[in-house]
Amino acid sequence: MTPDFWIASGHQLCDRDEAGRLLPTPDLWRAFLARPELVPPEEACGAERALHAALLAEPLHPVAPATLAALADPDAAENWQVFLTFRDRVMAHPTLEAAGWRSIARAWRACRRCSCRC
């Protein structure tokens, strides 16, 4: 058995297809939503807290543009749009490998280094 050398990647939260390719699961998205970059800060409005709670309950729930527009902080709305675009682009493919997981993960890491909360 191969040791789990990259636990932080979340691969253990994925299912596998018959060829062994990774299939994203709701628990994988919950792990993203639990990251400090996506947990609403103390000063977040109720709409942002409700959005976060709804996505934790149902990570693949579609989010209407009006929901993001209702957020009090325009930066928070933009950050959520970045995450939702990322999620939807990954989910548009049958596997993480097909979604180009490595390039997506690199972009996510680069985004986390910026000063925003995306």
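Nothing here was measured: the structure is a model prediction, and the numbers come from that model.

J.: Could you give an account of the overall build of the chain, with specific residues and numbers?
T.: When its secondary structure is counted, the chain shows five helices and two strands. Within the chain, the proportion of its 118 residues that are buried is 36%. Taking the intrachain contacts of the chain between residues at least 6 apart in sequence as the baseline, contacts between residues at least 24 apart amount to 52%. Of the accessible surface of the chain, which amounts to about 7,200 Å², a share of 57% is contributed by carbon and sulfur atoms.

J.: Quick one: what's the story with helix α2 (residues 46-57), residue by residue and with numbers?
T.: The terminal C-alpha atoms of α2, which comprises twelve residues, lie 16 Å apart, in line with the 16 Å expected from a rise of 1.5 Å per residue. Buried residues of α2: Glu-48, Leu-51, His-52 and Leu-55, and no others. Angularly, the buried residues of α2 cover 95° about the axis, an arc narrow enough to put them on a single face. Facing away from the buried side of α2 by over 90 degrees, the exposed positions are Gly-46 and Ala-57. The inward-facing, buried residues of α2 contact α1 (26-33), α3 (65-69) and α4 (74-91).

J.: Describe in detail α4, supporting the description with residues and values.
T.: Its 18 residues give α4 an end-to-end C-alpha distance of 26 Å, which sits within 8% of 26 Å, the value for a rise of 1.5 Å per residue. Along α4, the residues that are buried comprise Ala-76, Ala-77, Asn-79, Trp-80, Phe-83, Leu-84, Phe-86, Arg-87 and Val-90. Between the side-chain oxygen of the N-cap and the backbone nitrogen of Asp-75 there are 2.9 Å, and the N-cap of α4 in question is Asp-73.

J.: Outline the pattern of salt bridges, listing residues and values.
T.: Per the counting criterion, the structure on display carries four salt bridges. The shortest N-O distance in the salt bridge between Arg-30 and Asp-27 comes to 2.9 Å. With Arg-30 and Asp-27 both in helix α1 and three residues apart, this pair spans about one turn of that helix. Note on Arg-30: relative accessible area 27%, which makes it partly exposed. Look at Asp-27 and you get partly exposed, because its relative accessible area is 43%.

J.: So what about the confidence of the model for the chain? Which residues, and what values?
T.: Within the chain, residue pLDDT values average 84, and 75% of them lie at 70 or more. Highest mean pLDDT in the chain belongs to α2 (98); lowest belongs to helix α5 (residues 101-112) (64).

J.: Explain the nonpolar core to me, and be specific about the residues and the numbers.
T.: By size, the foremost hydrophobic cluster in this structure holds 21 residues, and its most contacted members are Phe-32, Leu-51, Leu-55, Leu-68, Leu-71, Trp-80 and Phe-83. The set of elements that each furnish at least two residues to this core consists of α1, α2 and α4. Looking at this core element by element, the count peaks at six residues for α4.

Parameters at a glance
Residues numbered from 1 in each chain as written. Predicted model: local features only at pLDDT ≥ 70, side-chain atom pairs only at ≥ 80, totals over all residues. Heavy atoms only, no water. Helix = DSSP H or I, 4+ residues; strand = E, 2+ residues; numbered from the N terminus. Buried < 20%, exposed > 50% of the residue type's maximum accessible area, 1.4 Å probe, protein only. Contact = heavy atoms within 4.5 Å. Areas by Shrake-Rupley, 256 points an atom, 1.4 Å probe, with all protein chains shown as cover. Expected span 1.5 Å × (residues − 1). Arc of directions from axis to C-beta. Polar contact = N/O pair within 3.5 Å; in protein donor to acceptor, adjacent residues only side chain to side chain. Salt bridge = Lys/Arg side-chain N within 4 Å of Asp/Glu carboxyl O. pLDDT = per-residue confidence, 0-100. Core = buried A, V, L, I, M, F, W, Y, C linked by side-chain atoms within 4.5 Å.

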